[in-house]
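# Summary of the model geometry
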Amino acid sequence: MTMLLWLLLWLTPFGATAKCYIDPNNTFPRQGKTLRLLKRSWMTHQLVTEVAAILLEEALNYDVELVEASTAPIEDLQRVAAGEYDANFELWPQGKSREIHRYVDLGAAHMAGGHEVFAHSGIFTMKYTVEKWPQAAFYQHLRTPTDFYGPSSLMGEALADPKDLCPTAEWNCSNFTWTPPACRSGTAACSGQVLHGPVSYTQGQIEQQIANNDLGLQVVYLTPQSLATHVWNAYAERRDLLFQADQPSEGFFGLSDEHFVPVAFPPEGSGCNKSENAYPTGGLSCELGATALLKVVSPSLWESPDARRFATVFSLTRDTRRRHLDPVLFQTPLPARWSNWINFSKRIYMVESFPPVSGCFPAVYAFLGLAIVFFVVSKVFSYGMHRRRDLHAKKKETQLSSDLEQLRTKMHSRACKTHVDLTSKLVGCSKQEYVAVKWALLKGKMNFMSFFRAEEDFCTPLGQALAPPDASSALRQFYHSKMEVLVYMFTSGFAKTLISAWTYTCVAGAVGAFLAEVRTFAAKNSRVDPWVQAQAPYLDFLSSMETVSTIVQGIDFLPVFLITYMIGQDVSRWHEWLQKMLQVQGRLHDLVLIVNSSYRRVNDPRCGHEQRKAMFRWYRYFNAIHYLAYLNLVPSIGSSAETALQDLQTVGLLTHTEAERLRYSSAKVRDTLTSWLGRLWHEELEAERVQRDETDVFMRKFCDLRSILAGLNDMPCKAPPQIVRMMMLIITNTLLLLALLGCSTKTAAPQGRRGYPAKMYKDTNACIQFWPLMACYLYFICYRGMLHVMFTLDKGPFYAKGECVNVDALLISTERFAYHVFRNSFEKQCELRPAPTSPLGGGIALMSPK
């Protein structure tokens, strides 16, 4: 048995490092149970217990405590049944039949089978003694031991009797040496000795065999070290010796059990007495045959499925001990040799405690936190900027006194009711040329309403009047350079879509991290006992995610189709907006030309001044109609007819009398003012100041103007059908919601069945994956960006954050056209004469130009 000692010596230095090599991929959770393993002093018992402890602790994740035995081996079954120890993985059954029946058959302990190693304990002698005297292998020659071994007077040791059995009546020892009753009574002579280990070793069995077979032998109790020393010295000196030993065992100081031969006693069935107990007074006289080493466990261990299975299948054979318990084994993965001993049946739960903080859950929390930050910041900041702008505008309005300054402030306040993002504000302050049109709409800046129209100034000769100022910006702004395109992207409201895309991506990252954790635990549970089916819930969940990816792939054409249709409709409608606006301007220009060509005596000293005043009246009406055409459309003009009439009166385009008359028709103020053109033409025709042959063309252009004005006013009602828009939003948002899971799902399905962008997922369980997140980000931008384009175009050309136009450019352009066309023929100062009062209230109080 030298190999067992060699194994133990090798096991000692590797014991500390065995944990590192048992199973490097062990991801099972702790069992939450502590097992107390009994550990005896002899080396084979320590070896088996250490191996079992390593496997239970490092492979099956039990908490293991090794307990050095302080009781006799005969008490092991009682202690295990009482739960003081949880297992004894090397129980020698010899002499313990009563204890097995009491504590296993009738008690709480459980027998977990045995090792494929047959053990024998008894009296041994040297092999070379048997080779000299073959009869030394049988008990009969021990009746006269001096014939072979000679007299001996060795005394026992107190340390060999820690339980104080020797002083009891059953043993009745002297100097820790047991003497058979026949020798003590003088009926027989005892001249030989058997060197025995501690009293608790083979407790009472050898003593019974000696006493009941009338052998003249004393039993001397020694410590294991002393016993080993005497045996080794006897072997070295080639002396004959009787001693107690076990097979298999580690031997004595390198002497394996192959050098020793057991002394045979009467076999069972030969008429000998086989009943035995744990005291020398028992009746045993037969040979105790070799029996398998047993494994006994406590009720607590038996209730734990994984430990129970391990205890049942954990078995070593004598021939394969060296191969199975080689220390090199601790440097190889577990499944290579010991996989049949290990069976983990405890489910591995993803959430052991709430809130979970292990695995990918920190990434889940981080992504959700970022998503909330992106969402809240965009909402709170927009609301805060809007409130600050309103308060600032109201505060500034109270500090102004001039009519035109108050008008400018009011128009700015109306424009500020629309949303202004931070990017537009910053770019407008530093690079206003990039966003001139947007800035004019956002600030409500209209140079058309920045000066007063005075009749006397209009009637002055050519070159002496103040011409209308330049517009606040061009009609439209076009972008050509990369910088201009970048500025447009961030000032067109698309920045909100980008922030929303980050919110969506962070949510997708949280879902992806969660699914990565699910996949991880599915992989962990795949190593659990297949009968438990611990991974089934996780695989079912991942399978449902695969179904989601398939659905995404099946319906992704619907939003594309609907969005393409709706954007086409909105683009056509936006172009129609611009066409109507230009047509209004064109009809006004036509009427200006017709009216101008009909007044042919503007330089006549007798009636020239009257004609100039009439032309100024046309001039006012044309510009007022043009301004009212955008009532309810342009934010800076507003939606109140009362306010618009007051504004027109402030800049001199309507008189007080005219404004009061129009207030009675505030619901149709633009149409009413337009009708004044026809009445004014006929008044001038009756006064013979315009040409009668131009009436037909004037009335046709006049009716065209009314029709186009009505068409422009009705443009908001020409939006695409809302039921189509509603269905498009439902389908698109449903797709994005499903894609949120599709972006985060990695399955084992064939590549062709995966929904985009799940195809981009790597075959890994990483909590954060860059490319799937980027795919989600772009995926959201593609769909929500197109929706943003559609919603922006649907709001028309006066929405500052969309594809906008500056109405001020059209108003100024038309006014300049009328101003120069009407005044181009004014050559000299005409005599001032009172103008007749018109039923429409043509008289005007002159005011200085501002």
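Please read all numbers here as calculations on a predicted model, not as lab measurements.

Conventions we followed
- Residues numbered from 1 in each chain as written.
- Predicted model: local features only at pLDDT ≥ 70, side-chain atom pairs only at ≥ 80, totals over all residues.
- Heavy atoms only, no water.
- UniProt positions renumbered as here; feature names shortened; annotations may be inferred.
- Helix = DSSP H or I, 4+ residues; strand = E, 2+ residues; numbered from the N terminus.
- Buried < 20%, exposed > 50% of the residue type's maximum accessible area, 1.4 Å probe, protein only.
- Arc of directions from axis to C-beta.
- Contact = heavy atoms within 4.5 Å.
- Salt bridge = Lys/Arg side-chain N within 4 Å of Asp/Glu carboxyl O.
- Axes fitted to C-alpha atoms, helices over the stretch in contact; angles between N-to-C directions.
- Parallel < 35°, antiparallel > 145°, perpendicular 65-115°, else oblique.
- Left-handed = near helix turned anticlockwise from the far one by under 90°.
- Nonpolar A, V, L, I, M, F, W, Y, C, P; charged D, E, K, R; others polar.
- Core = buried A, V, L, I, M, F, W, Y, C linked by side-chain atoms within 4.5 Å.

### A word on the UniProt feature "transmembrane region" (unreviewed entry) in the chain
As annotated by UniProt and renumbered to match this structure, "transmembrane region" (unreviewed entry) occupies residues 363–385, 726–749 and 770–791. Overall, residues 770–791 shows 100% helix and 0% strand. The separation of its end C-alpha atoms is 31 Å.

### A word on helix α24 (residues 656–663)
Among all positions in α24, only Glu658, Ala659 and Leu662 are buried. Seen end-on, α24 carries its buried residues on one side only, within an arc spanning 100°. The inward-facing, buried residues of α24 abut α22 (608–628), α23 (641–650) and α25 (669–686).

### Quick notes on the pattern of salt bridges
Oppositely charged side chains can form a pair if their charged atoms are brought close together. Summed over the entire model, instances satisfying the criterion amount to 24 salt bridges. Glu658 is paired through a salt bridge with Arg620; the nearest N and O atoms lie 2.8 Å apart. Linking Glu658 in helix α24 with Arg620 in helix α22, this pair joins segments that are 38 residues apart in sequence. Per residue, the accessibility class of Glu658 equals that of Arg620, and both read buried. Of the charged contacts, one joins Asp696 and Arg700 as a salt bridge, the two residues approaching to 3.3 Å between their closest N and O atoms. Separated by four residues within a single helix, Asp696 and Arg700 lie in helix α26 (residues 695–713), roughly one turn from each other. The network of salt bridges with common partners includes Glu75, Arg79 and Glu84.

### Some points on the packing of α24 against α25
Orientation of α24 relative to α25, taken along the N-to-C sense of each, is 125°, at an axis distance of 10 Å. The orientation of α24 with respect to α25, classified from their angle, is oblique. Between α24 and α25 lies a crossing whose hand is right-handed. Across the interface between the two elements, Glu658, Arg661 and Leu662 of α24 pack against Val669, Thr672, Leu673 and Trp676 of α25. Looking at the contact of α24 with α25 residue by residue, the classes come out as four nonpolar, one polar and two charged.

### Things to note about the nonpolar core
The biggest cluster of nonpolar side chains holds 73 residues, and the ones touching the most others in it are Trp618, Tyr627, Tyr630 and Phe822. Among the secondary structure elements, those contributing two or more residues to this core are α14 (403–415), α21 (557–598), α22, α23, α25, α26 and α29 (807–823). When residues of this core are assigned to their parent elements, the largest contribution, 11 residues, is made by α22. Those residues in contact with Tyr630 that lie beyond four places of it in its chain are Met581, Ile637, Leu712, Phe798, Val807, Leu810 and Leu811.

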